[in-house]
Amino acid sequence: IIYNIWCQWCIHFAQCVDNCQGLFLPKNREVLTAVGKFHLSAHKLPCFARFSLNFVNRAGQVDGKILETLWALFNKIS
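As a convention, each chain's residues are numbered from 1 in the sequence order in which they are written. Predicted model: local features are reported for residues with pLDDT of at least 70 only, side-chain atom pairs are reported and counted for 80 or more only, and whole-chain, interface and lining totals are derived from all residues. Side-chain descriptors were evaluated using all non-hydrogen atoms of the structure, hydrogens and water having been removed beforehand.

### Describing the nonpolar core
- Formed by Trp6, Cys7, Phe13, Val17, Val35, Leu40, Cys47 and Phe51, the largest nonpolar core amounts to eight residues.
- Helix numbering and strand numbering both begin at the N terminus, where a helix is a DSSP run of H or I of at least 4 residues and a strand a DSSP run of E of at least 2. Of all the secondary-structure elements, those providing two or more residues to this core are α1 (6-9), α2 (13-19) and α4 (45-51).
- In what follows, residue pairs with any heavy atoms lying within 4.5 Å of each other are defined as contacts. Once residues lying within four places of it in the same chain are set aside, the contact partners of Leu40 are Val35, Cys47, Phe48, Phe51 and Ser52. Throughout this description, the term nonpolar core refers to a set of buried Ala, Val, Leu, Ile, Met, Phe, Trp, Tyr and Cys residues connected via side-chain atoms within 4.5 Å. Here's how the labels work: a residue is buried when its accessible area is under 20% of the maximum for its type, exposed when over 50%, partly exposed in between, all with a 1.4 Å probe on protein chains only.

So this is what it looks like as structure tokens:
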């Protein structure tokens, strides 16, 4: 999960999923999380080591903004 404010949102994430009837987290599954590179630069320093995409195994070199880069194209078809 890549989210702009994941460092705050993750605090109660599992509890929110448990309280939502339509969602569940499979047992014995690891959820990989990060903050997108653009937004991470505005976070506190401790967020970098914990949530940087640079340290997510097999993430490659992504910025976490793929949907936003497609918005202009989506506007044409909407």
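### Notes on unusual backbone geometry
- The backbone phi angle of Asn28 is positive, close to 60°, even though this residue is not glycine.
- By the secondary structure assignment, Asn28 is in the loop between α2 and α3 (37-40).

### A look at the confidence of the model for the protein
- Residue-level confidence of the predictor is summarised by pLDDT, bounded by 0 at the bottom and 100 at the top. For the protein, the mean per-residue pLDDT works out to 80, and 86% of the residues sit at or above 70.
- The secondary-structure element of the protein with the lowest mean pLDDT is helix α5 (residues 66-69), recorded at 66, while α2 shows the highest, at 89.

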